[in-house]
Structures are given as C-alpha cells and as structure tokens.
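Structural characterization, general
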Amino acid sequence: MNYVSINSITETVITLSYAKGVIAFDKSAAQFFEENFSSEISLRCTLFALFPSELAAQINEKMTFCKKGRFQTHTYQKNLDAPVFSFYIAPIISENHKIESISLSIEKTQLTSGNEENLLLKELNYKTQFYSNLFYHNPDAVFLFDQEGNFINVNTQSARIAETTEEELLQMHFLPFIPEKEKEQVLKYFGRALKGESIDYHCSFVTAKGTLKYLEVKNFPIVYQQEIIGVYGIAKDITEKLEIDRKRRADKQMLRAIIDNIPDYIFVKDRNNRSILTNKKFANNILGLDDLKTNSNITPLDYFEETKAKKVIADNDLVMNSGKAVYNRQDIVEKGDGSQEMVLLTKVPLKDAEDNVIGLVGIARNNTDAFLQNKRKDLILKTLKAFGDKRTFQDATIKTLEIFSHELGFDYAEAYKLSANNIELIRTAYWPENLDLKEGDSESVRYKKDDGLPGKVWSSMNIEIIHKEDNTGLLKNMMLNETESIQTAVGIPIILQGRLISILCFGSKVHRKKIEQSIYSDVSIQVASAMERKLSQNQLSDFFQYSPNLIAVIGLDGFIKMANPAFVKTFNYSKTEILSQPFSTFIHPHDLDKTFEAIKQISVGGEDFEIRCRQKNGDYIWISWRFSRFFENENIVYIYGTNVTAIKNHAALLRNSEKRFKALVQEGSDHIAILDHDLKFIYNSPGTEQLYGFSIDQLSHTYFEHRVCSDDWSKIDGILKELKEGQRIQLPSYRVKDQSDTIHWIETIATNLSDDDAVGGIVLNSRDITEFIVQERQLIESLKRYDIVAKATSDIITDYHIASGIMKASDTLESVFGWTSENGSFTSEWWNDKIHPEDFEEVRKSAQDLLKNSIQNLTIEYRFRCADGSYKYMLDRSHLMLDSQQKPIRIIGSLQDITERKSHLIAIQNHNKRLKEIAWMQSHVVRAPLAKIMGLVDLMINYREDLDNIDEILENILISANELDGIIREIAVKTENEL
C-alpha cells in the first residue's frame, strides 16, 4: 500500500495491548509507518512487524516498565543524518483496574545544527503537557504527598472522591480520611513508598462529608536528583465494585445452596471435559467425594473405568461440538458404590457472551422406578398381545418366553405346567426354538417337587435364583454353545388365585446377573391371567374386551379401526357407526387442534390429554386419553380413555361453591385476625385494614395491645392469656384507635386454636359495634352491619409490557414458586414455559381474546410450575391497560396461590347451607327489631310534645335493642361455629 502526499506525516498515536498487539491507531498512522519504517500497520500486528527489530526490542523493554505504572520516553536515530523519533509511552488502566495496554505517541524531527536546542525545549514542553494532561484529566484520583503525608497537588477527581474542594484538600494531611483501625497499616504503606517501593493496596476512606468509600491505591516515590522528595499516588473508587462482588458472592452461595438441595444430579463441564461445578449429590454418589472443593478439574477418566469414560467423553463432545442439546434421554448412571440408576439425562451446551460453546451443563433425574414401571407395563402389554395374537397356547407361551428374554436380557427360557394329577411338572415350551438344553421332547422333560430349579420354585411358590458359581449342581451341562454356558438362572411361579398355572425359567450367560424381582412379581399375575384365559378359550380380546376404560385402535388415516365394548357403551353409537366415520366427527370442534397435535407427537406412555367427545344424543362428555402404543408399519395407534366428566362437573361445582363462600364470607364486614402466643398479629383480613386504617403489612407482627385503648386492655389481656386450647369466649366490648386516632367500639369472640396447624394462634372474630353503641346511647343512628372475611393470601403482582414481551413480577414470586431473576424481569417465553401443558392452550386463547377484543378484565385459573418441578394452582386476575388510541399497551396481573383452597372446596360446600341461613337472618330477622327502633325514634323526634307515654316508648326501644343484640349475638355464634 503506497501513500503519496505533499506533506509528510511527522507524528502519530497508536494503542498497543500487551496480549493482542495493535488495537487502535489514528488516521495518519498508516502513512507514517510506510514513509518512515516501510511497514504496514493493521489491527493485532506486533511491535516487530512495525519497527526494526532493534527498536522494537527497545520499545518492548520500555513497555515492561510502563506496565508497572511508570511513564516512559525513548529517542531513536538510525544514524547521524537520519531524523530523530521521540516515543512517549503512557499506561492505560482498564475497567478491571489493571494495566493491559499502553498509548504510544511518536514524533519525528529532522535534526539540523540549528534546531537541536529547539528540539530539546520542544521535547521538554511536550513532556510537561503530556504529564499535565495525564495528571489533571485522569479519570482516577491523582495526587502528590510531601514526605510528611500532606497533599501538595491533586486533580479534580481527588477532590470529587474526598467530597471537598481542591483548595481545602491541599491544606490537609491524608490520615484524617483513613478509619482509625486502618491508619497504622496505611502509614506503613506510605513509609515503604518513601523508601522507594511501588505499593498497591486497598483501604477504607471516609470523605469530608462522612461517606465511607473503598479505594484501590497505588503509591510510588517521587525521585528528584537521586533523592525521594515525596510520594505519587493514584486512587480508584471501588466501592460500587466491591458491593457488586459481594452480591455476586451471595448469589453464588445461593446458587450452591439451591443446586445442592435439588434431588437431581447436576454437573458442568468445560470443553476439555473437566468438572467446573457439581452439586452435592453428583459429588457424593458419582464421584464418591465428600468435599466439593476436590472435584474441580477432574474428568470422567478419573471416576469411570476407561471404556465407560471414553463413551461419556465422546457423548459430551458431540453435544459441545454440534451445539445441540439432549433432553430427557434415558441413560444408566453408575454410582460410586457400583450400583446403577436409570436416569433421564439432559445435556445443554454452555455458551459465553459471544455465543461460543465453552462447555456443557448436565442434569440427570433418577427415573429407575418409572423405568421399571414402564418395563412392567410393556411386558404385560406384550404378553397380553402374544396370548391374544397366537393361535395356540404353546405358540403364545414361546412368544412370551421370547419377549421376557429380549426385554430382561436372558439367553434361554423354559415353561412348565402341572401334570393332570398334580404330581409333577411337565415342560410345555422352550426358547430359542432351535436350542434345547434337555434331551428328548418337551413332554419327556419332567420334574418332581424340590427337583431342579422348577421343582424348587414349585416347592417354595416363590421366585428362586441360582448361580453356577454357588456349585449347586443345578446348572451343570447347561451349555449354550461350545464356549458359553448358563451362569445365572431364575424361576418364576405363575399363580392365579392361589393356583399354580405355570413356572417360567430363564437363564443368562452373565455371571451373577442382577435380577429385579419386583418386575417378575408384578407381571406374573398378568401372565397367569393371560394363560388362564387362553387355556379356558375365553378369548374375548383379553384386556381389550373387559377393560372398563375406553380402548380403541385408530388409524392415521383418520378412522377408528376397533373399539372395545366400554367405548361403544359410553358413546351409544353402534360399532358400525363408530368404524365408518372419521374420529374427528366425535370430537368437539374446539378440541380438534389439541387432538391432532397429540397424534402428531405420538409417544408411548406420554402425557394424558383431555378433550370433549360427542355422544350419539349430541351431548359432550370429557374423556382423558392416552396413546399406549404406536405401530408405525401399520399406521395405527392404541388409545386408552377414561370418562372424567363427573370430575369436571365436580370441579365446576367446587368453583361455584368457592364463589358463594367468597360472596357470603370473604366480602363481609367482620374483622378476622389471628394472634400468636405473644398476642401479635400474624393474620389480618381485609376488613381489619378498614378498621384500623393500617395496611395488612403494617399490622403484621405488631402487638394487639397497641391497637386497644389502654383503659380497656386490662379487661381483655388476662382473658386472652388464660384462654385454653379449643376454648371460645366472647370478650368484653372494648375500644380501639385507628390511624387517625378515631375511636371504634369492638365486639370480639376469641377462640384458641394454637394447636391447629392450619391456624396456630388465637382467632379473633370481631365486629365494629361503634354505631350500635352510639345508637344505644343516643338512639339516633342505625346499627352498622358487619363483614365476614375469610383468610387472605399474598398475591403476586405482574406488569407485562406487550410491545417488549417483558414481564416484571413482585418478590412474592420467589416465596410462592421459587423463581428469581436479577431485576425481577422475565420474558413471555419463560413465563409460558412454566404454564402446565394441559392448561397452556386455554390460557393462550384467553390471552389472545383479551388483546383482540380489548377486554378490560380477565380471571382464569391454571397450574404454574415451581422451581422444584411441582405445580401450583393459580388464580390469575388480569387488567388490560389501553393507550390514548385504545390500543393495548400493558397487562397488570394479580396471581393468587389457590392450591390450598382447592383442598378446602369440599369443606366450603358443607358450609354453604349454614352460611345461607346466616345470610337470611342478617337480611330478614335483623330488620324487624331495627325497623321498630327506627320507628319509635322517629316518633320521639317528630312528635315528642304530643306524646304522653314517653316512658312506655323508651321501654319498647330498649326491648327492641336487646332483641336486636340477641339476634346479632346468635348470628355471631352461628358464624363462629361454621368457621
């Protein structure tokens, strides 16, 4: 690259990184280096690519000193006739407070006999300006001390950090800014700098205004004519950085606490398969380590045998190299004690900020029980199918032996039955059919009781396991081929209703093969049942015919191929009608998408899905379906269903009952509170807030005594403290003050439920009787009705910004679900992922309807996944906010955990009848005496001078007031009995 310029470039500036070479340069640099050094500058090039090797080595040496915080200069002249190059090297402090790069300024001067002195003056002036700029415009505090520690020069940042002026700072010593406990150490650092050392340290710093800060300080001596005349200092305010570091440590400790208490195996690997992080379960069970600190940097080769370790490493590398995650893959984990677990393994690539894969994160969940359960189900279904498909009992038995051998890892199998006279066992089948380990035909192979493995099983009627290594002689000459023989054998009794139907024996060439006896025990009953049905010729399609559940075979062409009697009976169609119509005609139109999506993702033992299906009379019923088995070659799938209409209807009744309970109790006017053993509020109903004028949070954990007028407290203090467990008592009427010092008269029934786990304290059922007291005294005001409020729960408040898709949630989210984020924000994708799959479609449609039709309020119930994987029922009340153009902009939501309420709905139904009676009394019985009082009062006010029976009227008013008081007390007692 050639540059042609009338004016030659005489100076330039570049930035050099110690690790990466050139990282920045000005526009003149390219021409400057080509003209003067015949080199081409570019990003990441090195000193030796820019300068002659001798000059590059000299500058490199200067940069070494510069890395220690010292400014450097250098002059270079190739020969006497060559121009002089002046180099000025300044350190650059990066964000991590380290010197990782330098600024290199280069100036070219053509020397003549007359301008050498001017050059020296110019260089001196340049250095002075250079120093001044670095000193006064440095983003860090830069200052100079004399030998006594007094400030003799400071920059603006120094005064800013000290929260004073530069003039005042220059009149001060540095010690007043240092806390007392650190003064001695800081003086030692200062003394070492005066002795010629360059010192780096951290210290606390109290500003002129008393603000505590933390500084990172560098001190080094000021040398003049070989003498140290003071100390130069650079300080950076690291207060915020330290606080961030503290929070990071706290977050790290919290993460460690979380992952160590998760029941899954968790591990993080780097690209070299070295452990970066593991949880306690992984370290203890897989690595066999008690100390988590010792598991870093170890690879699978350190805790697995070589073949297994290489397989694991190859699998990890595949995930990291491809960038593709593995989700819930079934795998076997070998624990440190040699035992094995079946797990669902997930591996996800770990990426840095630049989206580069730097490792992987793995999670493995113990799925052994589920695996064995599925294995049992699979064996049962395959066995039932074998006995249903095969024409003869022997063929079905051979197929069963084959299925068990393949599924459970055996190499040979035999089946036996009791003889007609029940005195011996006769072999009925063996597998493989081309391998018979006994001489003669099947009928000739017979065993007496206690004779051989079949005889032992017959005698004990239990599963028997034998190993060749035990030298019992029972496996002698059991050769599978010239080199391999049976090493482990198991005999299984097939028993139905106490009768021995058959004995199945299986052999393996594996030494001391592990036998999961629970599998054989569970499936033996089903095998016995299948055998019994086959033998008795009651082939009514096995489980298909007799199941009370709905069973059908559907084809991917959209038609039902077969339906069991329960299916036909449930829908009331004839079998011809069922088989001749597409199955979509029986499904509610709104559930078709869910159905086709489920078929699209057919899996054995997958999630249940509930849809509405049409009966012949046009009614729809709710069916919970599950795909059992997909036969890909035949394009058919077995599907099982359960009628859950009654459950759905019951749930609807419970929801209606809940609404009635809320209308009668929760939205009433009574004040309900719970006190702990110290008589502090631990629960307050919404009505309590209205009474005291304080929020529920303000009242929480405050003393009840502080709310009661001091003159009245002595009347109720002793009663509450002596109230026995389970005892209920009405407290004397007392007065309370609200936040504005207004007096309220209160009537309270106290019940001690301290031993009740659901309550754990004294329940106060109170009502404000101020109006009644005033009416009783002045006979001019009406009695205020009271509210009955049920227990309230803390809601989760959400704010969803529709345009950005970001939702902010209150801190209650963590206490309810266990989820947290740094700023309380979550994406809509994250939120949707936590909604239960069965509820997601309904929630999605409701949200779309809310936005599409600008519905102001939406209330919906659904399940939401917690951080521990469990689900909770939530009541979501959302309010849509519109802009000036009536377009949706935000959704404000209130989420309430109603999981516990679900369990109480039945109890609520039982209360409804009594609550209706109480409500009727409130609205009818109370009115009679109250109307009488109001009429008599009106008579006295308007016709007092015409009345000659005032005493009689007053007596009637008192009688009516007492009657009203008795009715209200009766209502309160009945309400307490129900609550």
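As the structure is a computational prediction, the values presented were derived from the model and not from experiment.

What to know about the overall build of the protein chain
Helix and strand content of the protein chain: 29 helices and 38 strands. Every one of the 979 residues in the protein chain was classed for burial, and the buried ones make up 43%. Intrachain contacts of the protein chain at a sequence separation of at least 6 include 48% that bridge at least 24 residues. For the protein chain, the exposed surface amounts to about 53,900 Å²; the carbon and sulfur share of it is 50%.

Quick notes on the pattern of salt bridges
Within this structure, the stated rule accounts for 39 salt bridges. Its salt-bridge partner being Glu414, residue Arg427 comes within 3.1 Å of it at the nearest N-O pair. Of the two residues, Arg427 sits in strand 17 (residues 425-431) while Glu414 sits in strand 16 (residues 412-418), which places them 13 residues apart along the sequence. Exposure remark for Arg427: the relative accessible area of 0% places this residue in the buried category.

Regarding the side chain of Thr570
By the element assignment, Thr570 lies in helix 16 (residues 565-571). Its relative accessible area of 17% is what places Thr570 among the buried residues. Here the side chain of Thr570 touches Ala566 through a polar contact of 2.7 Å, landing on its backbone oxygen.

Let's talk about helix 26 (residues 837-852)
Compared with an ideal rise of 1.5 Å per residue, which puts 16 residues at 22 Å, helix 26 spans 23 Å between its outermost C-alpha atoms and is within 8% of the ideal. Taken residue by residue, helix 26 has Asp839, Val843, Ser846 and Leu850 as its buried positions. The buried residues of helix 26 occupy an angular sector of 65° when projected down its axis, which confines them to one face. Of the exposed residues in helix 26, those oriented more than 90 degrees away from the buried face are Pro837 and Lys852. For helix 26, the secondary structure elements touched by its buried residues are strand 36 (857-865), strand 37 (871-882) and strand 38 (888-897). Looking at the residues trailing helix 26, positive phi occurs at Ser854, about 50°.

Considering the nonpolar core
If you look at the biggest cluster of nonpolar residues, it comprises 33 residues, and the most contacted ones within it are Leu401, Ile494, Leu504 and Phe506. When residues of this core are traced back to their parent elements, those giving at least two are helix 11 (368-389), helix 12 (393-408), strand 16, strand 17, strand 20 (488-496), strand 21 (499-508) and helix 14 (517-535). Tallying contributions element by element places helix 14 first for this core, with seven residues. Counting residues in hydrophobic clusters, the runner-up holds 26 residues, among them Phe33, Phe37, Leu47 and Ile89.

Quick word on the packing of helix 11 against helix 12
Where helix 11 meets helix 12, the axes come as close as 8 Å, and the angle between the chain directions of the two elements is 160°. Compared by their axis directions, helix 11 and helix 12 come out roughly antiparallel. For the pair helix 11 and helix 12, the crossing hand works out as right-handed. Contacts between helix 11 and helix 12 involve Lys375, Asp378, Leu379, Lys382, Thr383, Ala386 and Phe387 from the first element and Phe393, Ala396, Thr397, Lys399, Thr400, Ile403, Phe404, Glu407 and Leu408 from the second.

What about the packing of aromatic side chains?
Taken as a whole and assessed by the stated rule, the structure comprises 36 aromatic pairs. A centroid spacing of 6.2 Å and a plane angle of 50° characterise the contact between Trp830 and Trp831, whose relative ring orientation is tilted. The structure contains a cluster of three or more aromatic residues connected by ring pairs, namely Phe143, Phe145, Phe151, Phe174, Phe177, Phe190 and Phe205. Against the face of Phe304 rests Lys308, its NZ or CZ located 6.0 Å from the ring centre. Between Lys513 and the ring centre of Phe410, over which it is positioned, the NZ or CZ distance is 5.3 Å.

Looking at unusual backbone geometry
For the bond running from Trp431 to Pro432, omega is 0°, close enough to zero to count as cis. Considering the arrangement of structural elements, one finds Pro432 in the loop between strand 17 and strand 18 (446-447). The backbone of Gln497 shows a phi angle near 50°, a positive value even though the residue is not glycine. Relative to the helices and strands, Gln497 resides in the loop between strand 20 and strand 21. Backbone geometry places His701, a non-glycine residue, at a positive phi of 65°. With a relative accessible area of 53%, His701 lands in the exposed category.

Notes on a negative patch on the surface
A surface patch of negative charge is lined by Glu725, Asp755, Asp756 and Asp757. In this fold, Glu725 is placed in the loop between helix 22 (710-721) and strand 29 (728-730).

So, the environment of Ala235
Residue position: Ala235 is located in strand 10 (residues 227-237). A relative accessible area of 3% means that Ala235 is categorised as buried. Residues Ala235 and Val217 lie 18 residues apart in sequence; the distance between their C-alpha atoms is 4.4 Å.

Focus on the sheet that holds strand 10
Within the open sheet, the five strands sit side by side as 7-6-10-9-8. Their pairing is antiparallel. If you trace the sheet from one side to the other, it starts and ends with strand 7 (151-154) and strand 8 (199-206), each paired once. When the angles between neighbouring strand axes are averaged without regard to direction, this sheet yields 30°. In this sheet, strand 7 lies alongside strand 6 (residues 141-145) in antiparallel orientation, the contact comprising three bridges. Within strand 7, the position partnered with Phe143 by the bridge is Val154. Strands in contact with helix 7 (residues 180-194) are strand 6, strand 8, strand 9 (212-224) and strand 10; relative to strand 8, the strand with the most contacts, it is inclined by about 145°.

Comments concerning the side chain of Thr400
Looking at the secondary structure, you find Thr400 in helix 12. Residues contacting Thr400, with those up to four places away along its chain left out, are Thr383, Ala386 and Phe387.

Considering a nonpolar patch on the surface
A cluster of nonpolar side chains, namely Leu212, Tyr214 and Leu242, defines an oily patch on the protein surface of about 240 Å² accessible area. In this structure Leu212 comes out as partly exposed when scored by relative accessible area, which is 45%.

Structural notes on the pairing of strand 36
Moving residue by residue along a regular strand, the side chains alternate between the two faces of the sheet. One ladder, built from nine bridges, connects strand 36 with strand 37; its direction is antiparallel. Bridge assignment links Ile860 to a residue of strand 37, and that residue is Asp876. The turn linking strand 36 back onto strand 37 is made up of five residues, and Gly869 within it adopts a positive phi angle of 95°.

Considering the sheet that holds strand 1 (residues 11-17)
An order of 2-1-5-4-3 is seen for the five strands of this open sheet, with the pairing classed as antiparallel. Looking at the sheet topology across the chains shown, the edges are occupied by strand 2 (21-25) and strand 3 (72-77). Going across the sheet, the axis of each strand differs from the next one's by a mean of 25°, ignoring polarity. Relative to strand 5 (residues 99-109), strand 1 runs antiparallel, the two sharing seven bridges.

Description of the confidence of the model for the protein chain
On average, residues of the protein chain carry a pLDDT of 81, and 86% of them reach 70 or more. Every residue in residues 1-6 is under pLDDT 50, and counting partners more than four places away or in other chains gives seven contacts. Predicted confidence for residues 780-793 stays below pLDDT 50, and this span has 62 contacts to residues more than four positions away or in other chains.

Concerning the environment of His801
Tracing the backbone shows His801 in strand 33 (residues 796-801). Given a relative accessible area of 36%, His801 falls into the partly exposed group.

What to know about the environment of Gln727
Examined against the element boundaries, Gln727 turns out to sit in the loop between helix 22 and strand 29. Take Gln727: its relative accessible area is 31%, and that puts it in the partly exposed class. As a C-alpha pair, Gln727 and Asn752 span 25 residues in sequence and 5.7 Å in three-dimensional space. Beyond its immediate sequence surroundings of up to four residues, Gln727 is in contact with Glu722, Ala750, Thr751 and Asn752.

Thresholds, definitions, all that
Residues numbered from 1 in each chain as written. Predicted model: local features only at pLDDT ≥ 70, side-chain atom pairs only at ≥ 80, totals over all residues. Heavy atoms only, no water. Helix = DSSP H or I, 4+ residues; strand = E, 2+ residues; numbered from the N terminus. Buried < 20%, exposed > 50% of the residue type's maximum accessible area, 1.4 Å probe, protein only. Contact = heavy atoms within 4.5 Å. Areas by Shrake-Rupley, 256 points an atom, 1.4 Å probe, with all protein chains shown as cover. Salt bridge = Lys/Arg side-chain N within 4 Å of Asp/Glu carboxyl O. Polar contact = N/O pair within 3.5 Å; in protein donor to acceptor, adjacent residues only side chain to side chain. Expected span 1.5 Å × (residues − 1). Arc of directions from axis to C-beta. Core = buried A, V, L, I, M, F, W, Y, C linked by side-chain atoms within 4.5 Å. Axes fitted to C-alpha atoms, helices over the stretch in contact; angles between N-to-C directions. Parallel < 35°, antiparallel > 145°, perpendicular 65-115°, else oblique. Left-handed = near helix turned anticlockwise from the far one by under 90°. Phe/Tyr/Trp six-rings, centres within 6.5 Å; stacked < 30°, edge-to-face > 60°. Lys NZ or Arg CZ within 6 Å of the ring centre and 35° of its normal. Patch = residues over 30% accessible without salt bridge, like charges linked within 9 Å, V, L, I, M, F, W, Y side chains within 5 Å. Lys, Arg positive; Asp, Glu negative; His and termini not counted. Charge placed at Lys NZ, Arg CZ, Asp CG, Glu CD. Pairing = 2+ DSSP bridges. pLDDT = per-residue confidence, 0-100.

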